[in-house]
Amino acid sequence: MHDLMQGNPTHLAMENLMDYANRLGMNADAFRQCVSSGKYENKIKEDADEAMAKGIRGTPVMIVGKSRSGTVEGSMIMGSIPYETIDEKLRALISAETAQQVALQ
């Protein structure tokens, strides 16, 4: 379902979702009832609000950094990026952390 929805971001009406569910062999009645119930609506809104508060405006997003006291210090990378870019940022982070540890000795 995820791949179908991500691949068709302008086709997310209930009729489209039902088509995707049928293509995937899902129980269409159970799927419609789940979506229509709004059971997860508040959780989705909370997650979206949290992302917006952190400056995340879309997917994919990757944060390269260090976790400290419930926050992350680092840089946010939005969008699809080449492996080399991720590797470069990780190596820079590791290098900076190593230099900091040496300085503290």
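A few points on the structure.

As for the nonpolar core
- With seven residues, the main nonpolar core is built from Leu 4, Leu 17, Met 18, Tyr 20, Ala 21, Ala 28 and Phe 31.
- Where this core is concerned, the elements lending two or more residues are helix H2 (14-23) and helix H3 (28-37).
- The dominant element in this core, judged by the number of residues it contributes, is H2, at four residues.
- Dropping the residues within four chain positions of it, Leu 4 is found in contact with Tyr 20, Arg 23 and Leu 24.

Thoughts on the pattern of salt bridges
- Tallied over the full model, the rule gives five salt bridges.
- Residue Lys 43 pairs with Asp 47 through a salt bridge whose shortest N-O separation is 3.0 Å. Taken as a pair, Lys 43 and Asp 47 lie in helix H4 (residues 41-53) at a separation of four residues, close to a single helical turn.
- Since its relative accessible area comes to 37%, Asp 47 is described here as partly exposed.
- In this structure, Asp 87 engages Arg 91 in a salt bridge whose closest nitrogen and oxygen atoms are separated by 2.9 Å. Of this pair, Asp 87 and Arg 91 are both found in helix H5 (residues 83-104), four residues apart, which corresponds to roughly one turn of the helix.

What to know about the layout of surface pockets
- Roughly 280 Å³ of volume is contained in the largest pocket.
- Here the lining of the largest pocket takes four residues from H4, the largest share from any one element.
- Taken together, the residues of the lining of the largest pocket break down into five nonpolar, two polar and two charged.

Remarks on H4
- Under the 1.5 Å per step criterion, the end-to-end length of H4 is 18 Å for 13 residues, consistent within 8% with the ideal 18 Å.
- Residue Gly 55 follows H4 closely and has a positive phi angle near 90°.

Description of a nonpolar patch on the surface
- There is a patch of nonpolar side chains on the surface, built from Ile 63, Val 72, Met 76 and Met 78 and spanning about 340 Å² of accessible area.
- Here the nonpolar patch takes three residues from strand E2 (residues 71-78), the largest share from any one element.
- You can see Met 78 is positioned in strand E2.
- Overall, the relative accessible area of 43% leaves Met 78 in the partly exposed class.

Conventions used here
- Residues numbered from 1 in each chain as written.
- Predicted model: local features only at pLDDT ≥ 70, side-chain atom pairs only at ≥ 80, totals over all residues.
- Heavy atoms only, no water.
- Core = buried A, V, L, I, M, F, W, Y, C linked by side-chain atoms within 4.5 Å.
- Buried < 20%, exposed > 50% of the residue type's maximum accessible area, 1.4 Å probe, protein only.
- Helix = DSSP H or I, 4+ residues; strand = E, 2+ residues; numbered from the N terminus.
- Contact = heavy atoms within 4.5 Å.
- Salt bridge = Lys/Arg side-chain N within 4 Å of Asp/Glu carboxyl O.
- 1 Å grid on protein atoms, 1.4 Å probe; cavity = no way out; pocket = protein on both sides within 12 Å on 5 of 7 lines; lining within 4 Å.
- Points joined across faces, edges and corners; volume = space filled by probe spheres on them.
- Nonpolar A, V, L, I, M, F, W, Y, C, P; charged D, E, K, R; others polar.
- Expected span 1.5 Å × (residues − 1).
- Patch = residues over 30% accessible without salt bridge, like charges linked within 9 Å, V, L, I, M, F, W, Y side chains within 5 Å.
- Areas by Shrake-Rupley, 256 points an atom, 1.4 Å probe, with all protein chains shown as cover.

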